Amino acid sequence: MNFLITIQSFDFDNSALAYSSFLTPYTRLNSSGDGTWGSSVFALKKYEAGEDVEITIGPNNSIRIENDLCFSVNDNQDRIVPLIYPPEVYSQERIPNLKSEVK
């Protein structure tokens, strides 16, 4: 069963919006424009459910500057998903790349 996550955004002025996890690299999502609502849905993989998911906002490549952007994150039962606050620079754990040499 897939676990669906919905991100509703408002007034993002088309800033970049993305998510990533330990199994999924940086993946762009739809964000809202100036003074409008936008919505994106993505599915967590089997082993991602219950793990950290990173939501990245920015950079803003438009001529507008974010002033009061807001967003919410909900699961597939429309429950609000808790966020780590305040936002922080977070180094996601990654599956290690193992190298070996045959001698």
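Heads up: the structure comes first, above all this text.
Here the structure is a predicted model, which means the values were calculated and not measured.

A.B. asks: Describe the overall build of the chain, naming the residues involved and giving the relevant values.
C.D. replies: Along the backbone of the chain there are 0 helices and 6 strands. Its helices and strands in sequence order give the chain the pattern β-β-β-β-β-β, from N to C terminus. Restricting to contacts in the chain with at least 6 residues of sequence separation, those with at least 24 account for 67%. Summing over all exposed atoms, the chain offers an accessible surface of approximately 7600 Å²; the carbon and sulfur share of this is 55%.

A.B. asks: How would you summarise the nonpolar core if you had to cite specific residues and measurements?
C.D. replies: Counting 9 residues, the largest nonpolar core consists of Ile-5, Ile-7, Phe-12, Leu-17, Tyr-19, Leu-29, Phe-42, Leu-44 and Val-73. Secondary structure elements with two or more residues in this core: β1 (3-10), β2 (17-20) and β4 (37-44). Leave out the neighbours within four places in its chain, and Leu-17 touches Ile-7, Phe-12, Thr-27, Arg-28, Leu-29, Asn-30, Ser-31, Ile-55, Thr-56 and Ile-57.

A.B. asks: Give me the lowdown on the environment of Phe-22, citing residues and values where you can.
C.D. replies: If you trace the backbone, Phe-22 turns up in the loop between β2 and β3 (27-29). Linking Phe-22 and Asp-52, residues 30 residues apart in sequence, is a C-alpha distance of 8.0 Å.

A.B. asks: Any chance you could break down the pattern of salt bridges for me, citing the residues and the numbers?
C.D. replies: Counted by the stated rule, this structure contains 1 salt bridge. Across the salt bridge formed by Arg-79 and Asp-75, the nearest N and O atoms sit 2.7 Å from each other. Look at Arg-79 and you get partly exposed, because its relative accessible area is 44%. Its relative accessible area of 8% is what places Asp-75 among the buried residues.

A.B. asks: Break down the sheet that holds β1 for me, with residues and values.
C.D. replies: The strand order across the open sheet built from 3 strands is β4-β1-β6, with neighbouring strands paired in antiparallel fashion. Sheet topology places β4 and β6 (70-75) at the edges, where each strand pairs with a single neighbour. When the angles between neighbouring strand axes are averaged without regard to direction, this sheet yields 15 degrees. Note that β1 and β4 share 8 bridges and pair antiparallel. Pairing of Ile-7 across the sheet is with Ser-40, part of β4.

A.B. asks: Outline the environment of Lys-45, listing residues and values.
C.D. replies: The residue Lys-45 is located in the loop between β4 and β5 (54-57) in this model. Take Lys-45: its relative accessible area is 41%, and that puts it in the partly exposed class. C-alpha separation for the pair Lys-45 and Leu-4, spaced 41 residues apart in sequence, amounts to 9.4 Å.

A.B. asks: Let's hear about the packing of aromatic side chains: which residues, and what values?
C.D. replies: The description of an aromatic ring pair rests on the distance of the ring centres and on the angle between the ring planes. Overall, the coordinates contain 2 aromatic pairs when judged by the stated rule. Seen from their ring centres, Phe-10 and Trp-37 are 5.2 Å apart, and the 45 degrees between their planes marks the pair as tilted. In this pair, Phe-10 sits in strand β1 while Trp-37 sits in strand β4, placing the two residues 27 residues apart along the sequence. Given the relative accessible area of 23%, Phe-10 is considered partly exposed. Seen from their ring centres, Tyr-19 and Phe-42 are 3.6 Å apart, and the 10 degrees between their planes marks the pair as stacked. Pair noted here: Tyr-19 is in strand β2 and Phe-42 is in strand β4, with a separation of 23 residues, a long-range link.

Calculation criteria
Residues numbered from 1 in each chain as written. Predicted model: local features only at pLDDT ≥ 70, side-chain atom pairs only at ≥ 80, totals over all residues. Heavy atoms only, no water. Helix = DSSP H or I, 4+ residues; strand = E, 2+ residues; numbered from the N terminus. Contact = heavy atoms within 4.5 Å. Areas by Shrake-Rupley, 256 points an atom, 1.4 Å probe, with all protein chains shown as cover. Core = buried A, V, L, I, M, F, W, Y, C linked by side-chain atoms within 4.5 Å. Buried < 20%, exposed > 50% of the residue type's maximum accessible area, 1.4 Å probe, protein only. Salt bridge = Lys/Arg side-chain N within 4 Å of Asp/Glu carboxyl O. Pairing = 2+ DSSP bridges. Axes fitted to C-alpha atoms, helices over the stretch in contact; angles between N-to-C directions. Phe/Tyr/Trp six-rings, centres within 6.5 Å; stacked < 30°, edge-to-face > 60°.

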